[in-house]
Every structure is written in structure tokens, then in C-alpha cells.
Amino acid sequence: MAQKILIGIISGTLVGIFVTAIVLPKTHNLLELLLTKITTTSVITGILCGIYAKLSHSKLQVFFISILIGIIIFYIKYLLTGQDLDALTMGAFVGAMLGGIFAIVSKATHSYKVYTRLHKRRRKGFGNYR
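Residues numbered from 1 in each chain as written. Predicted model: local features only at pLDDT ≥ 70, side-chain atom pairs only at ≥ 80, totals over all residues. Heavy atoms only, no water.

A. Broad picture of a nonpolar patch on the surface. On the surface, Leu68, Ile72, Ile76 and Leu80 cluster together into a nonpolar patch covering about 400 Å² of accessible area. Mapping Leu68 onto the fold places it in helix 4 (residues 59-81). Taking the relative accessible area as the measure of exposure, Leu68 reaches 45% and is therefore partly exposed. (Patch = residues over 30% accessible without salt bridge, like charges linked within 9 Å, V, L, I, M, F, W, Y side chains within 5 Å. Areas by Shrake-Rupley, 256 points an atom, 1.4 Å probe, with all protein chains shown as cover. Salt bridge = Lys/Arg side-chain N within 4 Å of Asp/Glu carboxyl O. Helix = DSSP H or I, 4+ residues; strand = E, 2+ residues; numbered from the N terminus. Buried < 20%, exposed > 50% of the residue type's maximum accessible area, 1.4 Å probe, protein only.)

Written out as C-alpha cells, the structure reads:
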């Protein structure tokens with residue numbers, strides 16, 4: 001669980017900095033990009049998506065629920081702060097990026113596990129029919 005949450009924090013931070021750099025192009029300082037409301041909201045979205053990615057086994061479901069989580073979290077931020085940016089579009093965008101990251105990580109770890117299991121069996125003689 002901690003691994004998925006850590007992936008959510010790191011990817012949420014990177015996605016938040018990326019989105020902030022697009023929305024606020026006049027900001028050049030990395031610390032300013034890191035301390036914005038958008039980045040903080042992206043980190044919270046990443047944590048929640050990481051928790052859901054740990055609980056679910058379907059990569060497609062993680063992707064769609066991450067979009068929904070992003071929309072909900074960004075809309076709550078819009079209601080609390082009154083920031084004039086489009087909350088639904090930004091939430092869907094951030095959720096889709098985070099959902100894609102978690103789907104890729106899940107697919108890569110599953111493929112690696114299958115590869116190592118097959119490699120162990122081949123070393124034991126599985127598949128040698130000569």
C-alpha cells in the first residue's frame with residue numbers, strides 16, 4: 001500500500017507541476033510551481049488514486065475511477081477556494097494522467113512477475129521437450 005501511495009505522491013507532484021506550468025506560464029521558479037493549489041490538489045488526487053489502485057485489480061477501472069476522483073477533488077477545491085480555473089476539465093486531465101500512470105505501473109509489474117515465473121520454470125526444465 002505504501003508503494004502505491006508513494007507512486008501517487010511522486011506522480012501527483014510531477015503532474016501538478018506540469019499542469020501548473022501550462023496554466024500559469026509566467027511562473028519560472030520551481031518552488032512557486034511546487035507550492036501552488038493545483039500541485040497540492042494533484043498530490044491529494046495521486047494519493048487517493050494510489051489507494052484505489054491498490055484495492056482494484058482492473059487497469060481500466062483504475063483509469064476511469066482516477067478520472068472521477070480527479071474531477072471530485074478539483075471540484076471540491078473549486079468550491080473551497082473559488083479559483084477561477086475550469087475545475088472539471090483540470091480534474092479530468094489530472095485524473096486521466098494519474099490513472100494512466102497507475103495502469104502502466106500495474107501492467108509493467110504484472111508482466112515482470114509473469115516473466116520471472118516463466119524464467120524460473122524454464123530453468124527447472126519446463127518446456128524442454130527434446
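B. Layout of the packing of helix 1 (residues 2-23) against helix 5 (residues 87-123). For the pair helix 1 and helix 5, interaxial distance at closest approach is 10 Å and the crossing angle is 140°. When the interaxial angle is binned, helix 1 and helix 5 end up oblique. Relative to helix 5, helix 1 is oriented so that their crossing is right-handed. Facing helix 1, whose interface residues are Lys4, Ile7, Gly8, Ser11, Gly12, Val15, Phe18 and Val19, helix 5 presents Met90, Phe93, Val94, Met97, Leu98, Ile101, Phe102 and Val105. When its residues are assigned to classes, the contact of helix 1 with helix 5 shows 12 nonpolar, three polar and one charged. (Axes fitted to C-alpha atoms, helices over the stretch in contact; angles between N-to-C directions. Parallel < 35°, antiparallel > 145°, perpendicular 65-115°, else oblique. Left-handed = near helix turned anticlockwise from the far one by under 90°. Contact = heavy atoms within 4.5 Å. Nonpolar A, V, L, I, M, F, W, Y, C, P; charged D, E, K, R; others polar.)

C. Highlighting empty space enclosed by the protein. What the rule picks out here adds up to one cavity of 30 Å³ or more. Looking at the largest cavity, its volume works out to about 40 Å³. For the largest cavity, the full set of lining residues is Phe74, Lys77, Tyr78, Gln83, Leu85, Ala87 and Met90. When residues of the lining of the largest cavity are traced back to their parent elements, those giving at least two are helix 4 and helix 5. Examining the composition of the lining of the largest cavity, we find that three residues originate from one element, helix 4, more than from any other. (1 Å grid on protein atoms, 1.4 Å probe; cavity = no way out; pocket = protein on both sides within 12 Å on 5 of 7 lines; lining within 4 Å. Points joined across faces, edges and corners; volume = space filled by probe spheres on them.)

D. A look at the layout of surface pockets. Volume-wise, the largest pocket comes out at about 440 Å³. For the largest pocket, the lining is made up of 18 residues, of which Lys4, Ala53, Ser106, Thr109 and Lys113 are closest to its centre. For the lining of the largest pocket, the secondary-structure elements that each account for two or more residues are helix 1, helix 3 (37-55), helix 4 and helix 5. Among the elements that make up the lining of the largest pocket, the one with the highest residue count is helix 5 (seven residues). Here the residues of the lining of the largest pocket sort into seven nonpolar, seven polar and four charged.

E. Just the packing of aromatic side chains, in detail. Enumeration according to the criterion identifies two aromatic pairs in this entry. When the centroid spacing of 5.6 Å and the interplanar angle of 65° are considered together, the rings of Phe63 and Phe64 count as edge-to-face. With a relative accessible area of 49%, Phe64 lands in the partly exposed category. Centre to centre, the rings of Tyr75 and Tyr78 are 5.8 Å apart; their planes meet at 35°, and the pair counts as tilted. Pair noted here: Tyr75 and Tyr78 are both in helix 4, with a separation of three residues, about one helical turn. The partly exposed category is assigned to Tyr75, whose relative accessible area is 37%. A relative accessible area of 35% means that Tyr78 is categorised as partly exposed. (Phe/Tyr/Trp six-rings, centres within 6.5 Å; stacked < 30°, edge-to-face > 60°.)

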